[in-house]
Structure formats: C-alpha cells, structure tokens
Amino acid sequence: IVKKLAEVREQLDASMISDPDANDEKVVKFLAQQEINFVRLKARTEKLQEYQGILRLPVDDFEIIEEISADLYLKIRLWNDRVEWDKLQTRILESPINALDITLLERELVKYNKTVSMASKGLPLNKVVPKLKASVDEINPVLPIVNDLRNPCLKDRHWEKITNLIGFSINESEDFTLSDLISK
C-alpha cells in the first residue's frame, strides 16, 4: 500500500499540473483519476489499520496520506476554479454593466481570491497560480466601481462629472460592458 501511495504522490508532481498552458479538461480528468486512486488506497489503509487493531498488532501510521490529501485537494480546487473562473470571467466581461449581479460577483471573487491565496501558499512553484491570480486581480478593483456606477442616486450632474473625468459617457450606453470599462 505504501508503494502505491508513493506512486499517487509521484503522479501529483506531473508537469501538466504546473503548466498554465495545459489543456484544462485533460488536467481535471487526470486529477479526478488520481482522486479515485487515492480514495481507494485510503480506504484500504483504514481497513488495514482496523484489522491491525482487532489483531492487537502495532497499527501502521500512514503519514503520507495527509500529505497526499492536502496536495491533491488543493490542486483539484485550483484547476476546477481555474476552469470555472475562465467561464465566469468571459460571461461577466461580455455582460452589460447594468445586468451584472454585483452581490453574486463579490461572493465569487472572494472564493477565487481564497483559492489563489491558498494555492500561493501551498503550491508556490505552480505556474498556474500566478496566471489565475492575474486574471482575478484584473476584476478585483473594477467591481466596486461598477457597483458605484449603478447607484440609482446618481443624478445628471454626477454623470456629467464622471463623463468629464474619464473622457467618455457611460450613462448613455445600455450595452456598456465590464470589458469596455477595463479597456478604456
């Protein structure tokens, strides 16, 4: 069992997991397979420990299990969130500002920022982390601005000041997207 656990541990160091240009679907499938293998081996170790206890033998301590579990589940979270973030980011960048659910987006940003933080600490050499971080950081400062621009208390005089300040009009365009705001 220890040998097979070491094999799973070794698989988690596969280069594609740290490659920001790797195929998302392929990496997610690979990690899902590693999870299946790990869960199966973990169940076997628990059963072995149970039998050792019943037979009053010294119970083996499989310390590597905790290490594999932490590494595996962090990598799964990183890649699943990367895939979800790419879809969400595309959707929010293309949506008109007036149609965005700011409360939901703020919750989502908290989730992705937490993933980036955890992965930065737990996977410092993984090159996927800075790429996801840069992508999330692109949206972080813009969301409060969008929230303020959607304030129903803004009057025409406020919109005039905003237009003069930034050099283009936002209020007149119903199709003004987050992507438009970021690019200008």
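Everything discussed here concerns the structure shown above.
Since the structure is predicted, the reported quantities are computational estimates derived from the model, not experimental observations.

Section: the overall build of the protein
- Looking only at helices and strands, the protein features eight helices and zero strands.
- The secondary structure elements of the protein, listed N-terminal to C-terminal, are α-α-α-α-α-α-α-α.
- In terms of C-alpha radius of gyration, the protein reaches 24 Å, well past the compact-globule figure of 16 Å for 184 residues.
- For the C-alpha atoms alone, the extent of the protein along its principal axes is close to 80 × 30 × 20 Å.
- Taking all 184 residues of the protein together, the buried fraction comes to 34%.
- Sequence separation of 24 or more characterises 75% of the internal contacts of the protein that already satisfy a separation of 6 or more.
- Working note: accessible area of the protein is about 11600 Å², and carbon and sulfur atoms make up 52% of it.
- Put simply, the protein has 27 plus and 32 minus side-chain charges, and the middle of one group is 4 Å from the middle of the other.

Things to note about the side chain of Gln89
- The topology assignment puts Gln89 in helix α3 (residues 64–94).
- Note on Gln89: relative accessible area 12%, which makes it buried.
- Not counting chain neighbours up to four residues away, the residues in contact with Gln89 comprise Ser135, Glu138 and Ile139.

What to know about the pattern of salt bridges
- Evaluated as defined, the whole model comprises 12 salt bridges.
- With its nearest N and O atoms 2.6 Å apart, the salt bridge here joins Asp71 to Arg9. With Asp71 in helix α3 and Arg9 in helix α1 (residues 2–11), this residue pair connects regions lying 62 residues apart in the sequence.
- We note a salt bridge from Lys29 to Glu25, for which the minimum N-O separation is 3.6 Å. With Lys29 and Glu25 both in helix α2 (residues 24–54) and four residues apart, this pair spans about one turn of that helix.
- You can call Lys29 exposed: its relative accessible area is 56%.
- Where salt bridges share partners, they join Arg9, Asp13, Glu67, Asp71 and Lys75 into one cluster.

Comments concerning the packing of helix α4 (residues 102–122) against helix α6 (residues 142–149)
- At a minimum axis separation of 11 Å, α4 and α6 run at an interaxial angle of 170 degrees. Considering the angle they form, α4 stands roughly antiparallel to α6. Note on element contacts: α6 touches α4 through Leu143, Val146 and Asn147, opposite Ile102, Leu105, Glu106 and Leu109.
- Considering only residue class, the contact of α4 with α6 consists of five nonpolar, one polar and one charged.

Some details on the side chain of Ser95
- Looking at where Ser95 falls in the secondary structure, it is placed in the loop between α3 and α4.
- Excluding its chain neighbours within four sequence positions, the residues that come into contact with Ser95 are Leu100, Phe176, Thr177 and Leu178.

Quick word on the environment of Asn80
- Assignment of secondary structure puts Asn80 in helix α3.
- By relative accessible area, which is 30% here, Asn80 ends up partly exposed.
- Between the alpha carbons of Asn80 and Leu31 there is a distance of 9.8 Å; along the sequence they are 49 residues apart.

About the thresholds
- Residues numbered from 1 in each chain as written.
- Predicted model: local features only at pLDDT ≥ 70, side-chain atom pairs only at ≥ 80, totals over all residues.
- Heavy atoms only, no water.
- Helix = DSSP H or I, 4+ residues; strand = E, 2+ residues; numbered from the N terminus.
- Rg over C-alpha atoms; globule rule 2.2 N^0.38 Å.
- Buried < 20%, exposed > 50% of the residue type's maximum accessible area, 1.4 Å probe, protein only.
- Contact = heavy atoms within 4.5 Å.
- Areas by Shrake-Rupley, 256 points an atom, 1.4 Å probe, with all protein chains shown as cover.
- Lys, Arg positive; Asp, Glu negative; His and termini not counted.
- Charge placed at Lys NZ, Arg CZ, Asp CG, Glu CD.
- Salt bridge = Lys/Arg side-chain N within 4 Å of Asp/Glu carboxyl O.
- Axes fitted to C-alpha atoms, helices over the stretch in contact; angles between N-to-C directions.
- Parallel < 35°, antiparallel > 145°, perpendicular 65-115°, else oblique.
- Nonpolar A, V, L, I, M, F, W, Y, C, P; charged D, E, K, R; others polar.

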